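Structural overview for review
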There are 2 protein chains.
Amino acid sequence: MDFFFYPKSVAIFGSFKEGAIAYEILRNIVEGGFDGRIVPVNPKGGTVEIAGKAFEIRPKLEEPVDAAIIAIPAKFVPSLIDEIGELIKGAVVISAGFSEVGNVELERELVEKARKHGIRIIGPNCAGIFGVHGKFFGSFEVRVKPGGLALISQSGAFGGAALAMGNDERIGFSAFVSYGNAADLNESDFLRYFADDKNTKAIALYIEGVRDGRRFMEALRYAAGKKPVIILKAGKSKSGARAAASHTGSLAGSYEIYRAAFKQAGAIEVEEMEGLFDAAKAFEMYEKAGRRVAVITNSGGPGVLATDKLESLGLEIAQLSDETVEELRSFLPPQCSVKNPIDLIADADYERYKKTIEIVCRDGNVDALLVICVPPIFVPSEEIAKAVIDAECDKPVIVNFMAGELVRDGVKLLEEGGIKNFPTPERAAKALAWLSRR
Amino acid sequence: MDFFFYPKSVAIFGSFKEGAIAYEILRNIVEGGFDGRIVPVNPKGGTVEIAGKAFEIRPKLEEPVDAAIIAIPAKFVPSLIDEIGELIKGAVVISAGFSEVGNVELERELVEKARKHGIRIIGPNCAGIFGVHGKFFGSFEVRVKPGGLALISQSGAFGGAALAMGNDERIGFSAFVSYGNAADLNESDFLRYFADDKNTKAIALYIEGVRDGRRFMEALRYAAGKKPVIILKAGKSKSGARAAASHTGSLAGSYEIYRAAFKQAGAIEVEEMEGLFDAAKAFEMYEKAGRRVAVITNSGGPGVLATDKLESLGLEIAQLSDETVEELRSFLPPQCSVKNPIDLIADADYERYKKTIEIVCRDGNVDALLVICVPPIFVPSEEIAKAVIDAECDKPVIVNFMAGELVRDGVKLLEEGGIKNFPTPERAAKALAWLSRR
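The shown structure was predicted, so the numbers you read here are calculated from the model rather than taken from an experiment. (Residues numbered from 1 in each chain as written. Chains lettered and ligands numbered in written order. Predicted model: local features only at pLDDT ≥ 70, side-chain atom pairs only at ≥ 80, totals over all residues. Heavy atoms only, no water.)

1. Quick look at the interface of chain B and chain A
Our working rule: Here a residue-residue contact requires only that any non-hydrogen atoms of the pair lie within 4.5 Å. In this description, buried area is defined as the sum, over both parts, of the accessible area (probe of 1.4 Å) that is lost when the two are combined. Definition used for salt bridges: Asp or Glu carboxyl oxygen within 4 Å of a side-chain nitrogen of Lys or Arg. By the criterion applied in these results, polar contacts are pairs of N or O atoms within 3.5 Å in which, for protein atoms, one can donate a hydrogen and the other can accept it, and in which residues neighboring in sequence qualify only through two side-chain atoms.
Listed per partner, the contact involves 59 residues of chain B and 59 residues of chain A. Carbon and sulfur atoms supply 62% of the area that chain B and chain A bury against each other, a total of about 4,100 Å² over both sides. By the criterion of area lost to chain A, the three top residues of chain B are Glu 272, Val 304 and Asp 308 of chain B, representing 13% of everything that side buries. Linking chain B to chain A there are 8 salt bridges. The shortest N-O distance in the salt bridge between Arg 427 of chain B and Glu 274 of chain A comes to 2.9 Å. Taken together, chain B and chain A are joined by 24 residue pairs in polar contact (both at pLDDT 80 or more).

2. Section: the UniProt feature "domain: CoA-binding" (unreviewed entry) in chain A
Put simply, the rule is: UniProt positions are given in the numbering used here, feature names are shortened, and annotations may be inferred rather than shown by experiment. Counting from the N terminus, the helices are DSSP H or I runs at least four residues long and the strands are E runs at least two residues long.
The sites that carry the UniProt feature "domain: CoA-binding" (unreviewed entry) are, in the present numbering, residues 4–98 of chain A. The span residues 4–98 of chain A carries 22% helix and 29% strand; its end-to-end C-alpha distance comes to 22 Å.

3. A look at the state of the cysteines
All names here are of chain B. Let me state the cut-off plainly: Note that a disulfide, as used here, is simply two cysteine sulfur atoms within 2.5 Å.
What the rule picks out here adds up to 2 disulfides over all chains. Paired through a disulfide, Cys 361 and Cys 393 show a sulfur-sulfur distance of 2.2 Å. Handedness of the Cys 361-Cys 393 disulfide follows from its S-S torsion of about 85°: it is right-handed. Linking Cys 361 in helix H13 (residues 350–361) with Cys 393 in the loop between helix H14 (381–390) and strand E19 (397–401), this pair joins segments that are 32 residues apart in sequence. Free of any disulfide, Cys 336 has its nearest cysteine sulfur in Cys 373, 14 Å distant.

4. Examining unusual backbone geometry
Cis geometry marks the peptide bond from Gly 123 of chain A to Pro 124 of chain A, where omega comes out at -5°. Mapped onto the secondary structure, Pro 124 of chain A falls in the loop between strand E7 (120–122) and strand E8 (128–131). You will see that Ile 345 of chain A, though not glycine, has its phi angle at about 55°, which is positive. Structurally, the position occupied by Ile 345 of chain A is in the loop between strand E17 (342–343) and helix H13 (350–362). Even without being glycine, Lys 135 of chain B reaches a positive phi, approximately 50°. Assignment of secondary structure puts Lys 135 of chain B in the loop between strand E8 (128–131) and strand E9 (136–139).

5. So, the relation of the copies chain B and chain A
Stated precisely, the cut-off is as follows: Fitting of the copies onto one another was done by least squares over C-alpha atoms, counting residues only where both copies have pLDDT of at least 70.
Its rotation angle being 180°, the transformation that places chain B on chain A also includes 0.0 Å of axial translation and leaves an RMSD of 0.0 Å. Here the transformation between the copies is reduced to the relation of a two-fold axis. Looking at the rotation axis and the C-alpha trace of chain B, the residue lying nearest is Glu 274 of chain B, at 5.8 Å.

6. Things to note about helix H3 (residues 77–84) of chain B
Residues three or four positions apart in an α-helix share a direction because the helix packs 3.6 residues into each turn. All names here are of chain B. Rule in force here: Relative accessibility under 20% of the residue-type maximum defines a buried residue, over 50% an exposed one, and the middle range a partly exposed one, all with a 1.4 Å probe and only protein chains included. An arc is given here, and it is the one of the directions from the helix axis to the C-beta atoms.
Within the span of H3, buried status applies to Val 77, Pro 78, Leu 80, Ile 81 and Ile 84. Projected down its long axis, H3 carries its buried residues within an arc of 160°, all on one side. Summarising the contacts, the buried residues of H3 are in contact with strand E1 (9–13), strand E5 (67–70), strand E6 (90–93), helix H4 (104–117) and strand E7 (120–122).

7. Quick look at the packing of aromatic side chains
All names here are of chain A. Inclusion rule: Two rings belonging to Phe, Tyr or Trp (six-membered ring only in the last case) form a pair when the distance between their centres is within 6.5 Å. Interplanar angles under 30 degrees mark stacking, angles over 60 mark edge-to-face geometry, and anything in between is tilted.
Tallied over the full model, the rule gives 24 aromatic pairs over all chains. Seen in terms of ring centroids, Phe 3 and Phe 4 are 4.9 Å apart; in terms of plane orientation they differ by 45°. Their pairing is tilted. Judged by centre distance (4.1 Å) and plane angle (20°), the rings of Phe 158 and Tyr 206 are stacked. Here Tyr 206 lies in strand E12 (residues 202–207) and Phe 158 lies in helix H5 (residues 156–168), a separation of 48 residues in the sequence. We classify Phe 158 as buried; its relative accessible area is 0%.

8. Some thoughts on the environment of Gly 418 of chain A
All names here are of chain A. Tracing the backbone shows Gly 418 in the loop between helix H15 (408–416) and helix H16 (425–436). The class for Gly 418 is partly exposed, based on a relative accessible area of 47%. As for Gly 418 and Met 285, which are separated by 133 residues in sequence, their C-alpha atoms are 7.7 Å apart.

Have a look at this one:
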């Protein structure tokens, strides 16, 4: 499927009036810096200007391209596929008006034409695709920065919202695919593809239901064996499943069966949309983590909240070794607690954090660290951020700097250092729980 | 306790060097716009300048004031209380170094002196208090905007972080109190006070443990009978309870007993820190909500996620009346789903949202609405925000505009219209669940 996610050339079919879908996709591709060949196609011809660059609109496609993106009225799509079938390797059909509104026959015809020419289809009724490392933004959705997360979304609108929220969370993406009606390619194909894609470090999957349970399980097992697969399943409740059926026409099936299947395949299921991003952030930093966690904090309360959450998620509050306790006791002020959670108290500074992280990290009883910082007194939060960045530690360190504006500079510094921040102690604890499930 | 939260005059004891605790509190009081009398006191005398205003530092307090804020070394506090006891009504003791570090006798002495003079004590070892509507910011924590939430926090640092996060969530506060060791006044006293405070619409309480279970239950029942009381209990797990014991010295006790007690008293318990803010936002808008919810969305996926969460929290997906369905069918495009969740699809505009909200709101089977908006195509998100604001509806409407930057303008408009936004469908669903528990 490289011709979809790393195309060398692309044709776009539709209206190139400003605001039209094809125009918006062309704009995204051009502004995204795609350096392959771009061929806009519309029977009316003419030109279209994007970012000061004029493109000639061809009345028809006459040269071979890797992929076609199609946003013309549904009823014309099958004949277009038949017409250009020998010139393309695959088509992304944005157009709606197929099986999702009852036009099952039209969708069957679309697939038949594709099969006839041996090409693959994404969609129809989808929001398009991104191949971020190939700078190919073949969708009208908001562009994202390059990174390791491939987002596979059955729902186009969910996918679009997730990309924008991912930008807010500063998540880097390798790819995005919204596959709509899944007339040809579906979640199982994309799972396998991204499992082998070298730029993808983790896969996030939003599904309401799947087409072929057995095929899905095989693909999921394959993908989860190679990298973390994070799943958000919608349609878990009775009413939710009913709504999903009317939304994507897919049978949501019994949630209990899905749940067991995800677990058996080694995938990470998250409960809520927020979890999708938090898990993605965790796996962007670490492949996995052990279950024995040390909590380091400069405020008792948040340390207790983290501890509660860790324990309720089945993780262990690590029992620090006697050497660790002694080493900590040797330089920490007497008011500090050297039992896990370790409380460095409010006036903790760079040295106190850095030394503590390093000592605790060397403890054989500790698999992972959860470092909390409420606005420190006497020093700016950047100092503590620097301590976390500078501390030598070869184990996963999950960070919760909290209090919005008061730690903004510290969080910014962390992120520049490649460390993602989790905004509450509980969300940091959940991140460690997901890491421990790999 | 009005002399604490609406004082007419205040004395501050401590060092007024820049960066010192007493200086920071004085600065907060002055910059916060307190228009009562302010008396800085330090044996060395001198002057201190804040925001271009010079204050004479008195060597000792010689005039009566409502409240004293004390940030001098612990060992001098009891004798100071004895000295000024007849001039003040209450004292907030910021100073640390009492029972929390084993100096039980010093704390006993402090209370004894206070009793002798018939005055009340907040603290010691606390972060201070805010009476926001009296523009009295008697703490070094970040100032907040006026509103209806009173925050009572056993942990000072948690309280400070919560205020800053509240600012981020644009929550308005009536008051804040961090009560530290609770040598005299404790959570039960504050619950009763804020239950009767006219500026407080809801109370948020962070506790690790309580002093006197019976007294607490009475106070909680009293307060929850008057307004929503949101509780975040830390020390729920075995390790968490142990950590809490070493942090505030309070016995966390069996969580199951707390949990049952909260429920019995009619308080709203939240699981995580995030829930504290979300619940506060919900109760800032509405007193309560019924259990039958209608979901209105412009994207199927998020509608399904909301439905899942509502049902898992024990709420009902309202069965729309035949009239409602007919009315919706009469003007909505055929692709829209008029079953709950109601899907207005991606091109939904102002009219479609406004009319749908109004029609659904009139349905006798519907108690509350959950309105979702992913970035609309063709219109800016402000249009949908305006529809939500303009729609005539006398039932609770909880809103989830999602996708960060793409709906930022819409969310801003909502907030100017007094409508808080919840960033994910699940968090919006939880808000309705909390409202339904009143």
